[in-house]
Amino acid sequence: MKYRHAFHAGNFADVHKHIMLLSLLRALCRKDKGFLLLDTHAGRGFYDLSSSEAYRSHEADEGVERLLDVEAPAEGWPTGISDYIAVVETLRRERHDRAAYPGSPLLALLALRPQDRTVLIETQPSEHAALREAVAALARYAPAALAGERRAVVERVVIECADGYGRLPNWLPPIERRALVFIDPPYEDGVADQRAVEQALVTVLERLPSAVVALWYPIKDRRDTDAWLERLRARLPKPPDAPAVPALVTELCLLPPDNRVGLNGSGMLVLNPPWQIDAQAAQWLPALHRVLDPPHRGSWSLR
Ligand SMILES: C[S@@+](CC[C@H](N)C(=O)[O-])C[C@H]1O[C@@H](n2cnc3c(N)ncnc32)[C@H](O)[C@@H]1O
């Protein structure tokens, strides 16, 4: 595998997926009862946007850095965006590092509580080793007032060097009977990842029909992704009391969605979306599109 997320960290797709991930975590935290976060493709957890990889790609300049540079609108950012900015700023402050960027594991651990559990799975040994260090550092760098709680959150993290698809059934259903499963594959071999994702979503819903599932996918050609989402929908097991599992799709494109040059857009499919996640996304998604796509070549959609 050649994929290194360090080239893409903080790009527009990361911003889109991380805002959605954080909104889902906040929604699940509305109930006191703990839940399991299962991140099947965790990456290295901490990214240095001044690294040679990030510097060469400049992708964060059109993502998180553009968002942080822009002045907030007079009425303030929609909650999803302000919360995400606050978490990124928290990590930067704690690390005294303006180039720090949280991958999905650190973003989540900065939002989770001691009653929640986290399982992080990463298949590449070098990324897995970096992830272990990033999670341990999160406890070390916590300010004194938060140190106890942060340690308690970090102590409940399990980090595996393994195939996320293969390990997923071992963690479901969790004892809490509440879970957020976050699936963020590299799609290096797009067809193989799509097939594995289809099976993973079926497995999750068979084991825990109420699980919240967040899946990221790339948009190169909208016709291909629409066809895939349709196929996916047909495969998903139906809940006993409804005709289909509730699903929310949000898409953010910086280029026309049939421009075959590369990554035109970022898609997030959420199964069993918590209450008001769609209403919140209807606020932050257009605001995010306005900031990240100044020439307005792309589009956003929510359905
Ligand atoms: C898009 S990156 C993840 C980024 C991370 N979720 C984030 O938001 O910060 C995908 C990661 O999945 C890893 N990976 C690829 N295939 C995997 C598999 N079958 N199981 C677990 N991890 C895998 C890659 O090494 C890479 O680090």
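Here the structure is shown first, and the text comes after it.
What you are looking at is a predicted structure, and each value in this text was computed from that prediction instead of being measured.

> Would you explain the environment of Ile219 in this entry?
On the secondary structure map, Ile219 appears in strand E7 (residues 212-219). Taking the C-alpha atoms as reference points, Ile219 and Ala137, separated by 82 residues in sequence, lie 34 Å from one another. Residues in contact with Ile219, not counting those within four places in the same chain, are Thr225, Glu251, Cys253, Pro257, Gly262, Leu263, Asn264, Gly265, Ser266 and Gly267.

> Where do I start with the pairing of strand E8 (residues 247-253) in this structure?
Looking down a regular strand, the side chains alternate between one sheet face and the other. Counting buried positions along E8 gives 6 out of 7 residues, so the element sits mostly inside the fold. In this sheet, strand E9 (residues 265-271) lies alongside E8 in antiparallel orientation, the contact comprising 7 bridges. Across the sheet, residue Cys253 finds its bridge partner in E9, namely Gly265. Judged from the 4 bridges that link them, E8 and strand E10 (residues 299-302) form a sheet pairing that is antiparallel. The residue bridging Glu251 from the neighbouring strand is Ser301, located in E10.

> Just checking my understanding: could you explain the side chain of Asp14 for this structure?
Position of Asp14 relative to the elements: it lies in helix H1 (residues 12-28). In this structure Asp14 comes out as buried when scored by relative accessible area, which is 1%. Engagement of the side chain of Asp14 in a polar contact is seen with the side chain of His5, the distance being 3.1 Å. Not counting residues within four places of it along the chain, the set of residues in contact with Asp14 comprises His5, His8, Ala9 and Tyr101.

> Explain the pattern of salt bridges here, please?
Side-chain pairing between opposite charges can occur once the charged atoms of the two side chains come close. With the rule as written, the count across this model stands at 18 salt bridges. Two residues, Glu65 and Arg92, come together in a salt bridge whose shortest N-O distance is 2.9 Å. Of this pair, Glu65 sits in helix H3 (residues 64-69) while Arg92 is found in helix H4 (residues 79-95), placing the two residues 27 residues apart along the sequence. For the salt bridge of Arg235 with Glu198, the shortest nitrogen-to-oxygen distance reads 3.4 Å. Taken together, the residues span a long stretch of sequence, with Arg235 in helix H10 (residues 222-235) and Glu198 in helix H9 (residues 190-207) at a distance of 37 residues.

> Looking at this structure, how should I read the site of the ligand?
Lining the immediate surroundings of the ligand are 20 residues, of which His18, Glu122, Asp163, Gly164 and Asp184 lie closest. In isolation the ligand has 600 Å² of accessible area, and contact with the protein removes 96% of it.

> Whenever I open this one, the packing of aromatic side chains confuses me. Can you help?
How two aromatic rings sit relative to each other is given by the distance of their centres and the angle of their planes. A complete count under the given rule lists 3 aromatic pairs for this structure. Relative to Trp216, the ring of Tyr187 lies with its centre 6.0 Å away and its plane at 65 degrees, an arrangement referred to as edge-to-face. Taken together, the residues span a long stretch of sequence, with Tyr187 in the loop between strand E6 (179-183) and H9 and Trp216 in strand E7 at a distance of 29 residues. Judged by relative accessible area, which is 7%, Tyr187 ranks as buried.

The rules behind each value
- Residues numbered from 1 in each chain as written.
- Predicted model: local features only at pLDDT ≥ 70, side-chain atom pairs only at ≥ 80, totals over all residues.
- Heavy atoms only, no water.
- Helix = DSSP H or I, 4+ residues; strand = E, 2+ residues; numbered from the N terminus.
- Contact = heavy atoms within 4.5 Å.
- Buried < 20%, exposed > 50% of the residue type's maximum accessible area, 1.4 Å probe, protein only.
- Pairing = 2+ DSSP bridges.
- Polar contact = N/O pair within 3.5 Å; in protein donor to acceptor, adjacent residues only side chain to side chain.
- Salt bridge = Lys/Arg side-chain N within 4 Å of Asp/Glu carboxyl O.
- Near = heavy atom within 4 Å.
- Areas by Shrake-Rupley, 256 points an atom, 1.4 Å probe, with all protein chains shown as cover.
- Phe/Tyr/Trp six-rings, centres within 6.5 Å; stacked < 30°, edge-to-face > 60°.

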